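Below are the chains, spelled out letter by letter.
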Amino acid sequence: MSISTSSLSKAYKAYFPIGAAIGPRHLRTHADLLSTQYNSITAENCMKFEPIHPEPDRYAFEDADALANFARINGMKMRGHTLVWHNQTPKWVFENLDGTPVSRETLLKRMQEHIHTVVGRYKNSVYCWDVVNEAVADEGEDILRKTKWLEIIGEDYLLKAYQFTHEADPSALLFYNDYNETNPAKMRKITQLLKNLLERGAPIHGMGMQAHYGPSHPKAEDIRLAIETYASLGIKVQITEMDLSVYEREDGPCELRKPTKEMMDHQATRYERIFATLRECKAAITGVTLWGAADDATWLDNFPVRRRKNWPLLFDENHQPKEACRRVMDFQD
Ligand code: HXH
């Protein structure tokens, strides 16, 4: 495929869908970019527990419905993100009316009701779900992160979440999604968790590698090893939240208003190598999603440092292809 094609997702037609994470406002501000350059979307926030189910008897489907309609009208795929997570989940989920913690039975009922309602509603729009997000502990010997889900339900909360999702939509592809997924210690823990769940019969079809990467970490070969490791469990792999920060993890505040040429050239080289690796792994990879459509819409402007501008994506703030995008699209294989 040569640079002559002007669409990122068309250039990758023979490989995997290319997605972007968006919110409802981007349907107005980024509609052309989305419909021409991408063929998949993920809701950045509006399908998470708190926004979509803010109170016990109230669901707020408007924003998610708008995204699902946009995907349908434009012939795009849609990933579902996310059903069971320790963040952006309202307190009421874990509490009785008097504020005491709910029982295991009550929490399982609430999890089931939530999953059946949300997954059932988007059955014909969402083809795969990040059922559980970020359940593995970063530090220490324990595999599972200490969360309310674990504390109240116990270690089988993941198995239950996958079973409930599968009941609600037997044809959906069910993913486990996590970050620091190329770190050797965390990779071992994630692999052990997935192996264990698969042995217990959990309907898990894929591993979502978030791919929030930096200018020097991880190396393309570490990414390849992670993809091969997860795929060796007999499941597919998707890159679910990719961005390449221009800052190192330890960097502090920065006043830059525009990226330097060196920054963008270095990033372009990284993107080129990483996408070459992804193409080589195409047998395992069924989707690649960027966590934003363009550099004017990235969570990294406020994370991990508030109000520090970042330029981590493939399209610039004017929605034009960056050098990184040209290199990602310019391949001969
Ligand atoms: C993702 N988490 C989520 O999956 C996605 O839903 C969200 O919109 C953005 C990113 C990435 C993440 C994971 C851990 C984390 C921060 C972000 O925790 C840290 C907190 C402080 C410092 C480092 C990590």
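Residues numbered from 1 in each chain as written. Predicted model: local features only at pLDDT ≥ 70, side-chain atom pairs only at ≥ 80, totals over all residues. Heavy atoms only, no water.

Student: I'm lost on the side chain of aspartate 295 in this one. Help?
Tutor: Here aspartate 295 lies in the loop between strand E9 (285-290) and helix H12 (323-329). Residue class for aspartate 295 comes out buried when judged on its relative accessible area of 1%. A polar atom in the side chain of aspartate 295 sits 2.7 Å from the side chain of lysine 322. When neighbours within four sequence positions are excluded, aspartate 295 is seen to be in contact with Asp301, Lys309, Asn310, Trp311, Pro312, Leu313, Phe315, Asp316, Glu317 and Lys322. (Helix = DSSP H or I, 4+ residues; strand = E, 2+ residues; numbered from the N terminus. Buried < 20%, exposed > 50% of the residue type's maximum accessible area, 1.4 Å probe, protein only. Polar contact = N/O pair within 3.5 Å; in protein donor to acceptor, adjacent residues only side chain to side chain. Contact = heavy atoms within 4.5 Å.)

Student: How should I be thinking about the site of the ligand in this particular structure?
Tutor: Not every one of the 13 residues close to the ligand is listed here, only the nearest: Lys48, His81, Asn133, Glu134 and Glu241. Contact distances for the ligand include 3.1 Å between an oxygen atom and a side-chain N or O atom of asparagine 133. In a pocket analysis with a 2 Å cut-off to the grid points, the ligand is assigned to the largest pocket. Considering only residue class, the shell around the ligand consists of five nonpolar, four polar and four charged. (Near = heavy atom within 4 Å. 1 Å grid on protein atoms, 1.4 Å probe; cavity = no way out; pocket = protein on both sides within 12 Å on 5 of 7 lines; lining within 4 Å. Sits in = over half its atoms within 2 Å of the grid points. Nonpolar A, V, L, I, M, F, W, Y, C, P; charged D, E, K, R; others polar.)

Student: Please explain the pairing of strand E6 (residues 206-209) as it appears in this structure.
Tutor: Going residue by residue along E6, you find Gly206 and Gly208 tucked away on one face and Met207 and Met209 tucked away on the opposite face as well. Both strand E5 (residues 173-178) and E6 contribute to a ladder of four bridges, which runs parallel. Counted as the bridge partner of phenylalanine 175 is glycine 206 from E6. Viewed along the sheet, the connection from E5 through helix H9 (residues 184-199) into E6 turns out right-handed. Summarising the sheet, E6 and strand E8 (residues 236-244) pair through four bridges and their orientation is parallel. (Pairing = 2+ DSSP bridges. Right-handed = clockwise from strand over helix to strand, strands pointing away.)

Student: Whenever I open this one, the layout of surface pockets confuses me. Can you help?
Tutor: To find leftover empty space, one rolls a probe the size of a water molecule over the atoms. By volume, the largest pocket is sized at about 1000 Å³. Around the largest pocket, the lining comprises 40 residues; the ones closest to its centre are Tyr179, Asn180, His212, Trp299 and Phe303. At four residues, the largest contribution of residues to the lining of the largest pocket is made by H9. Each residue belonging to the lining of the largest pocket can be placed in one class, and the counts come to 14 nonpolar, 13 polar and 13 charged. What the second largest pocket holds in volume is close to 260 Å³. What lines the second largest pocket is Asp142, Ile143, Leu144, Lys146, Leu150, Glu155, Leu158, Gln192, Leu193, Asn196 and Arg200. For the lining of the second largest pocket, the element with the highest residue contribution is H9, accounting for three residues. Here the residues of the lining of the second largest pocket are counted per class, giving five nonpolar, two polar and four charged. (Points joined across faces, edges and corners; volume = space filled by probe spheres on them.)

Student: Sorry if this is basic, but what is going on with the pattern of salt bridges here?
Tutor: Oppositely charged side chains can pair when the atoms bearing their charge come close. Under the counting rule described, the total for this entry stands at 17 salt bridges. Of the charged contacts in the structure, one is a salt bridge between arginine 145 and aspartate 138, with a shortest N-O distance of 3.6 Å. A relative accessible area of 16% means that arginine 145 is categorised as buried. A salt bridge links glutamate 323 to arginine 326; the nearest nitrogen and oxygen atoms lie 3.3 Å apart. With a gap of three residues between them, glutamate 323 and arginine 326 both fall in helix H12, about one helical turn apart. Overall, the relative accessible area of 38% leaves arginine 326 in the partly exposed class. Three or more residues joined by partner-sharing salt bridges are found here, namely Asp138, Arg145, Asp178 and Lys186. (Salt bridge = Lys/Arg side-chain N within 4 Å of Asp/Glu carboxyl O.)

Student: How should the packing of helix H6 (residues 104-121) against helix H8 (residues 157-168) be read in this particular structure?
Tutor: Between two packed helices, the angle of one axis relative to the other and the distance separating the axes together describe the packing. In the contact formed by H6 and H8, the axes pass within 9 Å of each other and the chain directions differ by 35°. For the element pair H6 and H8, the recorded crossing hand is right-handed. Listed contacts from H8 to Arg104, Leu108, Met111, Gln112, Ile115, His116, Val119 and Gly120 of H6 are Tyr157, Lys160, Ala161, Phe164, Thr165, Glu167 and Ala168. Grouping the constituent residues of the contact of H6 with H8 by class yields eight nonpolar, four polar and three charged. (Axes fitted to C-alpha atoms, helices over the stretch in contact; angles between N-to-C directions. Left-handed = near helix turned anticlockwise from the far one by under 90°.)

Student: How should I be thinking about empty space enclosed by the protein in this particular structure?
Tutor: Summed over the entire model, instances satisfying the criterion amount to one cavity of 30 Å³ or more. Within this model, the largest cavity holds a volume of roughly 30 Å³. Along its surface, the largest cavity is lined by Val84, Trp85, His86, Asn133, Glu134, Ala135, Arg145, Thr147, Trp149 and Tyr157. Residues belonging to the lining of the largest cavity are distributed by class as follows: five nonpolar, three polar and two charged.

Student: Mind showing me how you'd approach the nonpolar core here?
Tutor: One recurring pattern in soluble globular proteins: nonpolar side chains tend to sit buried together. Trp129 and Tyr176 are the most contacted members of the largest nonpolar core, which has 102 residues in total. Per-element accounting of this core gives the leading share, seven residues, to H8. Leaving out residues up to four positions away in the same chain, tryptophan 129 has contacts with Met47, Gly80, His81, Leu83, Val118, Val119, Tyr122, Thr165, Ala172, Leu173, Leu174 and Phe175. (Core = buried A, V, L, I, M, F, W, Y, C linked by side-chain atoms within 4.5 Å.)

Student: Help me understand the packing of aromatic side chains, please; the structure alone is not making it clear to me.
Tutor: When we look at a pair of aromatic rings, we describe it by the centre distance and by the angle of the planes. In total, this model carries 14 aromatic pairs according to the counting rule given. Ring geometry for tryptophan 299 versus phenylalanine 303: centroids 4.8 Å apart, planes at 10°, classification stacked. An aromatic cluster of three or more residues is present, and its members are Tyr12, Tyr15, Phe16, Tyr271, Phe275 and Phe331. Of note, lysine 282 hangs over the ring of tyrosine 15, and the distance from its end group to the ring centre comes to 5.0 Å. The aromatic ring of tyrosine 247 is capped on one face by arginine 308, whose charged end is 3.8 Å from the ring centroid. (Phe/Tyr/Trp six-rings, centres within 6.5 Å; stacked < 30°, edge-to-face > 60°. Lys NZ or Arg CZ within 6 Å of the ring centre and 35° of its normal.)

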